[in-house]
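Analysis of the macromolecular model
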2 protein chains.
Amino acid sequence: MRPQKVNDDELITSLSKILRTHGYEGTSLKDLSDSTGLKKASLYHRFPNGKKEMAQSVLNHTGKWVADNIFNVLNKEGETAESRLKNALLQIQKLYNGGLDSCIFRALSMQNGMDLFSDNISNGMKEWLEAFKNFGLSIHLSEHLAEEKAMQTLIDIQGSLVVSKGLQDTTIFENTLKKIEDKYI
Amino acid sequence: MRPQKVNDDELITSLSKILRTHGYEGTSLKDLSDSTGLKKASLYHRFPNGKKEMAQSVLNHTGKWVADNIFNVLNKEGETAESRLKNALLQIQKLYNGGLDSCIFRALSMQNGMDLFSDNISNGMKEWLEAFKNFGLSIHLSEHLAEEKAMQTLIDIQGSLVVSKGLQDTTIFENTLKKIEDKYI
DNA sequence: GTCTATAGCTAGATAGAC
DNA sequence: GTCTATCTAGCTATAGAC
């Protein structure tokens, strides 16, 4: 076996970057080849089902990163709610590159992408809701209020990313993260 | 001259439907031809610059509809603020088909679309902000608060559309419209 | 104004050398 | 594991008949 030119993590990172920027339909195999440095045939060797498997891998990889670096931080034992939330919001800022990068859910959720990934996207969003609901419960909000606040948080994040992109102004995203903090504490 | 098979309004409506569903990159001329009932060459006769001109026309047409049916309603002389807001929110619900349809800004704001339409999208969003700011001023909010509430309203609309689509649950969009009403009144 | 036909290109995908 | 070469299908776009 030849050595890998690019390891799995680097590969997924490049794929993620280009898919989140151009969307599923707007990303060609040539784009993916150029951005990873691997030829198309090599990409097919690593991902036999082509572009849809690459996007799927990006979804899985991102889901794991978010679980480890956001949800776990948000509900970590033995830390104050303030510090858990603050740290989680810092990780969210990192995930979206300060508002410059789009959410992978959005990038894959036009019709063609939805036909392939709707379950992943739906389940992924439910995990965000659950994580923030658990955070709400940990600060003794009622079940109902914890759910409501979690939903508003998800809407704030997604909405501020769309508006930041549209107005080309990342302060909108940053201000929204600050507001999320204020709404909880 | 032969008669038009499809008038401009019907044409734009079909183009809008398909572009908002599939996004700019995900919509092919064949899709546009199938959905409008006009052959590709006929579409080029009506829009000599092809797909980008069709999307541009959809943006312009939607912008006019929104100005006439949402912004004008929201700031109509001689009606109570409650009734203006309620009516505008009904029109917003109509624009997005109860949360089933995506926003044209979102459908055109992956990278390839942004390269072509960033100014339209940015200016369009600024008009939403201005319209809601003026509404806020009309109910005697401070300049600062009126701007802040307008931004949150835009974020709520865009965010709830993304989350509704992702979770395939339009009640999220509907509940957000109700909340917008509560936040103002 | 709409159509058929077609040009020229790029897409996704595969075969087989090294 | 990566590559070059290639296939077929689909893409955007145009020419020219009616």
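Note: the structure precedes this text.
This text gives an overview of the structure that appears in the document. (Residues numbered from 1 in each chain as written. Chains lettered and ligands numbered in written order. Predicted model: local features only at pLDDT ≥ 70, side-chain atom pairs only at ≥ 80, totals over all residues. Heavy atoms only, no water.)

**Let's talk about the pattern of salt bridges**
Residue and element names in this part refer to chain A. This model, assessed by the stated rule, comprises 17 salt bridges over all chains. A salt bridge links Asp156 to Lys183, with the shortest nitrogen-to-oxygen separation between them at 2.7 Å. Of this pair, Asp156 sits in helix α8 (residues 143-167) while Lys183 sits in helix α9 (residues 171-184), placing them 27 residues apart in sequence. One connected set of salt bridges, linked through shared partners, spans Lys17, Arg20 and Asp101. (Salt bridge = Lys/Arg side-chain N within 4 Å of Asp/Glu carboxyl O. Helix = DSSP H or I, 4+ residues; strand = E, 2+ residues; numbered from the N terminus.)

**Comments concerning the protein's contact with DNA strand D**
Around DNA strand D sit 20 residues, and of these Arg2(A), Lys5(A), His45(A), Leu29(B) and Tyr44(B) come closest. Each atom of DNA strand D within 4 Å of the protein was classed as base or backbone; sugar and phosphate made up 59%. Take Ser42(A): an N or O atom from its side chain is 3.1 Å from a phosphate oxygen of DNA strand D. At 3.1 Å from a phosphate oxygen of DNA strand D is found a side-chain nitrogen or oxygen belonging to Arg46(A). Elements supplying a minimum of two residues to the surface near DNA strand D: α3 (40-46) of chain A together with α2 (29-36) and α3 (40-46) of chain B. (Near = heavy atom within 4 Å. Polar contact = N/O pair within 3.5 Å; in protein donor to acceptor, adjacent residues only side chain to side chain.)

**Let's talk about the relation of the copies chain B and chain A**
Here the two chain copies are tied together by a rotation about an axis and a shift along that axis. Expressed as a screw transformation, the operator carrying chain B onto chain A has a rotation angle of 180° and an axial translation of 0.0 Å, and the superposed copies differ by an RMSD of 0.0 Å. The superposition operator between the copies reduces to a two-fold rotation axis. Looking at the rotation axis and the C-alpha trace of chain B, the residue lying nearest is Gly159(B), at 1.7 Å. (Least-squares fit on C-alpha atoms with pLDDT ≥ 70 in both.)

**Here we look at the environment of Asp169(B)**
All names here are of chain B. As for its position among the elements, Asp169 is in the loop between α8 (143-167) and α9 (171-184). The exposure class assigned to Asp169 is partly exposed, which follows from its relative accessible area of 30%. Through-space distance from the C-alpha of Asp169 to that of Val66 is 24 Å; in sequence the pair is 103 residues apart. (Buried < 20%, exposed > 50% of the residue type's maximum accessible area, 1.4 Å probe, protein only.)

**Structural notes on the interface of chain B and chain A**
Listed per partner, the contact involves 39 residues of chain B and 39 residues of chain A. Carbon and sulfur atoms make up 66% of the area that chain B and chain A hide from each other, which totals about 3,100 Å². Applying the counting rule to chain B against chain A returns zero salt bridges. Where chain B meets chain A, there are six residue pairs in polar contact (both at pLDDT 80 or more). The set of elements that each furnish at least two residues to the side of chain B that touches chain A consists of α1 (8-26), α6 (104-107), α7 (111-138), α8 and α9 of chain B. Of the residues forming the side of chain B that touches chain A, the biggest block, 14 residues, is contributed by α8(B). (Contact = heavy atoms within 4.5 Å. Buried area = accessible area lost by both parts, 1.4 Å probe.)

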